[in-house]
Amino acid sequence: MAVVVHKPKFTHTHPLAIDSKLSLESKKLYKKLVENAGVWGASVQTVDNLSSTRVNLNGKTPALHDDALMDHRCKKDIIKEVKTQYAPLGLGYLVTSFEVDHTFKRVLEYNEWEIVIYCSAVHQAVTIGCVYTNGQDRKFYKKLFDMLQDIVGDVTSKPMHFKALTPGGNLLCINTDLEAAQSLGFGDSFISTNQLDYSGIPASIDTKSILSYILKSCHVHVKQAILNFRKMVSHQDYQKILDFLYLKPEDLPVFDKFIEGHGILKIKSK
C-alpha cells in the first residue's frame, strides 16, 4: 500500500475533465437531428450514424460537435423526450381487445402467460408482455390482472376500462382459453370497475355473470370438447352441436331440448 503526498511547492497537473453539461443550444440541435432521422424509429445509433446528421454538423459526429454528446444516456434521454412530445400517451393505437394465453411448462416448472394485442400499424398480432409463473389459482390470477391494470395505467396514463362497464372505456372484451381459474381471477379484478349508473349492470352481480359482458372464449378451445362427438351422432346433429356458438338467445330453449333429446350422458354433461 502506498500513500502519495503532494508537496505544495511542486505543481500538480492533469487534463481538465470534459465539460459534460449539455447546453440548451446543443440539446435543441440534437432534437432536430432526431426529427430528421424519424422520431418513431430513432435510436442513438441511428441518429448518430445518419448521413444527414453529419451534413447538419458540417461533417462532424454529435460527440465531436459537443463533448456532452459523448454521453449515450444523455442522447437517449433526448430521444425519449422528443417521442413523448410527439405522442404523450404512446403511439395512439386504440386497442379494443386483448388476448391472454398459456404455454404450460415453458421453462422448467414455470408456465408462460402471454398478453397479445392486434396492432393495426403492422397488421399482425403483437406480444406486449409475458409473465413466467407457477401460480395457477383464482387468487393468483386476480393479483396478476390487478398488476396488469396498474402497469397499463403507469405506461399509458389511461385506465384499463371495458366499454360495457365504464364510461370512456375502449376495451370490448378479453379473449381467453378455457382456464376457469384465469377467467374467474380476471372477473374478480375487473368487477370493481362496473359503474351501475352507466352500465345498468347491478352492483350485486357475481363474477361468473359479469364475464358474459367482457370475456370471449377461444373458438378452437371451445370446440375441442365437441370433436369427440363426431362418432356418437349423425353428421347433421354433429354440425348442429358444433355451431352452438352462433345461436341467438331466443334459440337456446330449442337447442336445450335438442341436447336433452339425445340422452347421451357425455354430450349432456358438456
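Since the structure is predicted, the reported quantities are computational estimates derived from the model, not experimental observations. (Residues numbered from 1 in each chain as written. Predicted model: local features only at pLDDT ≥ 70, side-chain atom pairs only at ≥ 80, totals over all residues. Heavy atoms only, no water.)

**Q** Please clarify how a nonpolar patch on the surface should be interpreted in this entry.
**A** Together, Val 107, Leu 108, Tyr 110 and Tyr 132 give the surface a local cluster of nonpolar side chains, amounting to about 420 Å² of exposed area. Residue position: Val 107 is located in strand 1 (residues 97–107). Judged by relative accessible area, Val 107 falls into the partly exposed class, the value being 42%. (Patch = residues over 30% accessible without salt bridge, like charges linked within 9 Å, V, L, I, M, F, W, Y side chains within 5 Å. Areas by Shrake-Rupley, 256 points an atom, 1.4 Å probe, with all protein chains shown as cover. Salt bridge = Lys/Arg side-chain N within 4 Å of Asp/Glu carboxyl O. Helix = DSSP H or I, 4+ residues; strand = E, 2+ residues; numbered from the N terminus. Buried < 20%, exposed > 50% of the residue type's maximum accessible area, 1.4 Å probe, protein only.)

**Q** Looking at this structure, how should I read the nonpolar core?
**A** Residues Phe 98, Trp 113, Phe 145, Phe 162 and Phe 186 are the most contacted members of the largest nonpolar core, which totals 24 residues. Those elements that provide at least two residues to this core are strand 1, strand 2 (110–119), helix 6 (138–156), helix 7 (180–190) and helix 9 (207–214). For this core, the element with the highest residue contribution is helix 6, accounting for 4 residues. With 15 residues, the next largest nonpolar core counts Leu 22, Leu 33, Val 44 and Leu 57 among its residues. (Core = buried A, V, L, I, M, F, W, Y, C linked by side-chain atoms within 4.5 Å.)

**Q** Help me understand the packing of aromatic side chains, please; the structure alone is not making it clear to me.
**A** In this description, a pair of aromatic rings is defined by centroid distance and the angle of the planes. Inspection of the entire model under this criterion finds 10 aromatic pairs. Ring centres of Phe 145 and Phe 190 lie 6.4 Å apart, and the angle between their planes is 70°; this geometry places the pair in the edge-to-face category. On the criterion of sequence distance, the pair formed by Phe 145 in helix 6 and Phe 190 in helix 7 is long-range, its members being 45 residues apart. Of the two residues, Phe 145 and Phe 190, neither departs from the other in class, the shared state being buried. Look at Phe 255 and Phe 258: their rings are 6.0 Å apart centre to centre, the planes differ by 40°, and that puts the pair in the tilted class. In this pair, Phe 255 and Phe 258 are both assigned in helix 12 (residues 252–262), 3 residues apart and thus about one turn of the helix distant. The burial state of Phe 255 is the same as that of Phe 258; both residues are buried. Among the aromatic residues, ring-to-ring pairing joins Phe 98, Trp 113, Phe 145, Phe 162, Phe 186 and Phe 190 into one connected group. (Phe/Tyr/Trp six-rings, centres within 6.5 Å; stacked < 30°, edge-to-face > 60°.)

**Q** Sorry if this is basic, but what is going on with the pairing of strand 4 (residues 173–176) here?
**A** In summary, the side chains of a regular strand alternate between the two faces of the sheet. The pairing of strand 1 with strand 4 spans 3 bridges and is parallel. For Glu 99, the partnering residue across the bridge sits in strand 4 and is Asn 175. Sheet topology note: the strand 4/strand 5 (residues 215–217) ladder contains 3 bridges and is parallel. Following the sheet pairing, Ile 174 is matched in strand 5 by Leu 215. (Pairing = 2+ DSSP bridges.)

**Q** I would appreciate a short explanation of helix 7 in the present structure.
**A** For an α-helix, 3.6 residues make a turn, and residues three or four places apart therefore share a direction. Burial analysis of helix 7 places 9 of its 11 residues in the buried class, the great majority of the element. Every buried residue of helix 7 is accounted for by Gln 182, Ser 183, Leu 184, Gly 185, Phe 186, Gly 187, Asp 188, Ser 189 and Phe 190. Those residues of helix 7 that are buried lie in contact with strand 1, strand 2, helix 6, strand 4, helix 9 and strand 5. (Contact = heavy atoms within 4.5 Å.)

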